[in-house]
Amino acid sequence: MEARHSAHCVEEAEDAVKELRAELAKAGITLPSLGLHPVSLAREAPCPLVELGRCSVETARRLAAVLR
């Protein structure tokens, strides 16, 4: 049961990353390091975190403008 829950959590996190990547692309924004944080997946029962990563100053400003 716990393994199934963990697999579901990882799938949800992967789906969230895909959704975020797609929506950012629509706004013309790319976060090159966007993905799942590998350390959060290393636990026996993973609880994935989304790693947004680094981006250029221009990308950060474009992201801030979209969020306004």
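Anything mentioned here points back to the structure above.
Residues numbered from 1 in each chain as written. Predicted model: local features only at pLDDT ≥ 70, side-chain atom pairs only at ≥ 80, totals over all residues. Heavy atoms only, no water.

Bringing the environment of Pro32 into the picture now. Secondary-structure assignment places Pro32 in the loop between α1 (2–26) and β1 (35–36). Taking the relative accessible area as the measure of exposure, Pro32 reaches 65% and is therefore exposed. Residues Pro32 and Thr59 lie 27 residues apart in sequence; the distance between their C-alpha atoms is 10 Å. (Helix = DSSP H or I, 4+ residues; strand = E, 2+ residues; numbered from the N terminus. Buried < 20%, exposed > 50% of the residue type's maximum accessible area, 1.4 Å probe, protein only.)

This paragraph deals with a nonpolar patch on the surface. On the surface, a nonpolar cluster with roughly 220 Å² of combined accessible area is contributed by Leu20, Val50 and Leu52. Residue position: Val50 is located in strand β2 (residues 50–51). What makes Val50 partly exposed here is its relative accessible area of 37%. (Patch = residues over 30% accessible without salt bridge, like charges linked within 9 Å, V, L, I, M, F, W, Y side chains within 5 Å. Areas by Shrake-Rupley, 256 points an atom, 1.4 Å probe, with all protein chains shown as cover. Salt bridge = Lys/Arg side-chain N within 4 Å of Asp/Glu carboxyl O.)

So far we have only geometry, and geometry alone does not tell us how the molecule works.
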